[in-house]
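Per-entry structural report
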Amino acid sequence: MKVEEDLIRLIKKLYENVDHCIGYPICQYPNMSGFGEWYTKTGLCDIGINNAGNPYDEEQYVLSSVEFEQDVIRTVAPWYGIPKGREWGFVTNGGTDGNMHGIYYGAKKLQRETGMLPIVYVSKEAHYSSFRLCDVQNLEVRMIDYDKHGSMDMDCLKRSIDPTRPALIIIAIGSTFMGATDNQAGIRKVLEETKPIAVYRHLDAALFGGYLPFTEYRDIVSMEKQGYDSIAISGHKFFGIDEPCGLFISRMDVLEAQKAYKVGYLRNNMPLISCSRNGLTPLKFYWILKNIGFDGFAAEAKSMLENTSYLQQKFDEIGYPAWHMPYSNTVFFKSPAEWIQKKYMLANGYLPDYGGELCHIVVMQHVKKAILDEFIGDLTNQI
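Here's a quick rundown of the structure. (Residues numbered from 1 in each chain as written. Predicted model: local features only at pLDDT ≥ 70, side-chain atom pairs only at ≥ 80, totals over all residues. Heavy atoms only, no water.)

**Let's talk about the sheet that holds strand S13 (residues 356-362)**
In plain terms, the rule: Only strands joined by at least two bridges in the DSSP assignment are considered to pair. Every helix listed is a DSSP run of H or I at least four residues long, and every strand listed is a run of E at least two residues long, numbered separately from the N terminus. Here, two residues are considered to be in contact whenever any of their heavy atoms come within 4.5 Å of each other. Axis definition: a line fitted to C-alpha atoms, over the contacting stretch in the case of helices. Angles run 0 to 180 degrees between N-to-C directions.
Within the open sheet, the 4 strands sit side by side as S10-S11-S13-S12. Their pairing is antiparallel. The open sheet terminates on both sides in strands that have one partner only, identified here as strand S10 (322-323) and strand S12 (347-351). Where S10 meets strand S11 (residues 330-334), 2 bridges bridge the pair, whose relative direction is antiparallel. Its bridge partner being in S11, Trp-323 is matched across the sheet by Phe-332. With respect to the sheet, helix H11 (residues 280-317) is in contact with S10, S11 and S13, its orientation differing from that of S11 by roughly 20 degrees.

Below you can see the structure in the form of structure tokens.
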């Protein structure tokens, strides 16, 4: 059958390349085979489930998985220092979806408090989706320079703040290329000095937000410690879900500050931008959380960061220019030969302070020492 032949050809190509995919932050061994077997065996594969609307509505579409979506949020909220009983959130279709809601909810909360839409402040090293989403929502955005470590520059932020307008700060916890973390203490200090009339802080923690709660650096993503308002985390990165997805988590007061959208056929208020939402993804999240658990994730995070240090050490041993930032699983380095970039599917960047053309490796769970040794061997032969 031609359809099966086409799919087999695709699977063969994927298997041939998966081990060398080390330039992007996607977990390539998601351990979802058990879920797939259960999904087929139970017959759930023949039922369409849709988590339309607010997953916390009492009047919910029957063919949904919202009770499991609620469980996912309740399970992970303590990992992010969110007050018990005041957490609210949902499973998203990816980090951009989480950022979209963080920006939208933040803007509307600030508008309700002040009567004005905010100015959005975001680092130039942050993920491009933040800039695009501000454009989609027609929000004024001020791009903030970053320092040599890739973190938002505090002097530039201070000069950019307009105290007569509310401020929506998008804080990068793991920037796109350098793997940098914005200084939340520094941002708080700038806000205390400039005194904008109201503030909302959203954390874009797509990658780092997955593993930091399981490390000694967990306070970086703790709402209790840092005082942020919402956070977006990816599910297909550290958590290892086999499709793009994520989490958006905030406090209940963020939800309560939103304008009510009563939707008759959903039988209740509709606070989300998207209507129909994948009902299967929360079940995958539930499966992963219950089967791996906190200790399992902690072991993965430890191994991942150890392998990152190992890679940096190997670069240093051969005298090849390479860098990585604190708590980061990303190592960036001088661009190697084109064939090496293609073989290992490396991501590209350009940073004048580090010599210009660069690539990076993101050390995810599947990136073991064997593949790193192979890469360093190829790199050494090129030198």
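This is not the end of the story, as more comes after the structure.
**Considering the sheet that holds strand S4 (residues 167-172)**
What the 7 strands build is an open sheet, ordered S1-S7-S6-S5-S4-S2-S3; its pairing is mixed. In the strand order of this sheet, the two ends are held by strand S1 (87-92) and strand S3 (140-144), each with one partner. Averaged over neighbouring strand pairs, the angle between their axes works out to 20 degrees when direction is ignored. Strands in contact with helix H5 (residues 128-136) are strand S2 (119-123), S3, S4 and strand S5 (199-204); relative to S2, the strand with the most contacts, it is inclined by about 165 degrees.

**Here's the deal with the side chain of His-101**
The condition is simple: To sort residues, take the accessible area from a 1.4 Å probe on protein chains only and compare it with the maximum for the residue type: under 20% means buried, over 50% means exposed, and anything in between is partly exposed.
One can find His-101 in helix H4 (residues 95-114). The exposure class assigned to His-101 is buried, which follows from its relative accessible area of 0%. Look past the residues within four positions of His-101 in its chain and what remains in contact with it is Phe-90, Gly-106, Phe-248, Leu-272, Ile-273 and Ser-274.

**Focus: a nonpolar patch on the surface**
Just so we agree on the cut-off: Each patch groups residues whose relative accessible area exceeds 30% and which form no salt bridge, using 9 Å between like charges and 5 Å between nonpolar side chains of Val, Leu, Ile, Met, Phe, Trp and Tyr. Surface accessibility in these figures is a Shrake-Rupley result with a 1.4 Å probe; residues are shielded only by whichever protein chains are displayed. Whenever Lys or Arg places a side-chain nitrogen within 4 Å of a carboxyl oxygen from Asp or Glu, that contact is recorded as a salt bridge.
On the surface, Val-3, Leu-7, Leu-10 and Leu-14 cluster together into a nonpolar patch covering about 360 Å² of accessible area. The residue Leu-7 is located in helix H1 (residues 2-17) in this model.

**Quick notes on the pairing of S12**
Residues Ala-347, Gly-349 and Leu-351 line the buried face of S12, whereas the alternating positions Asn-348 and Tyr-350 sit on a face that is not buried. As paired elements, S12 and S13 share 5 bridges and run antiparallel to each other. The residue of S13 that forms the bridge with Leu-351 is Gly-356. Turn length for the S12-S13 hairpin, with the two strands adjacent in sequence and antiparallel, is 4 residues, and the turn residue Gly-355 shows positive phi of about 100 degrees.

**Quick word on the side chain of Asn-51**
The cut-off we apply is this: Between N or O atoms, a polar contact is any pair within 3.5 Å; within protein, one atom must be a potential hydrogen donor and the other a potential acceptor, and residues adjacent in sequence are included only when both atoms are from side chains.
In this fold, Asn-51 is placed in the loop between helix H2 (33-41) and helix H3 (66-76). Using a relative accessible area of 0% as the deciding quantity, one classes Asn-51 as buried. Within the structure, Asn-51 has its side chain in polar contact with the side chain of Glu-69 (distance 3.0 Å). Residues in contact with Asn-51, not counting those within four places in the same chain, are Ser-64, Ser-65, Val-66, Glu-69, Cys-275, Arg-277, Asn-278, Gly-279 and Pro-282.

**A look at the nonpolar core**
What counts, and what does not: To form a nonpolar core, buried Ala, Val, Leu, Ile, Met, Phe, Trp, Tyr and Cys residues must be joined to one another through side-chain atoms within 4.5 Å.
With 76 residues, the main nonpolar core has Tyr-80, Phe-239, Phe-315 and Phe-375 as its most contacted residues. Counting residues per element, this core draws most heavily on H11, which supplies 12 residues. If we ignore the near neighbours within four places in the chain, the residues touching Phe-315 are Tyr-320, Ala-322, Val-331, Phe-333, Phe-375, Ile-376 and Leu-379. Among the nonpolar cores identified, the runner-up in size contains 23 residues, and Ala-126, Cys-134, Leu-255 and Leu-272 belong to it.

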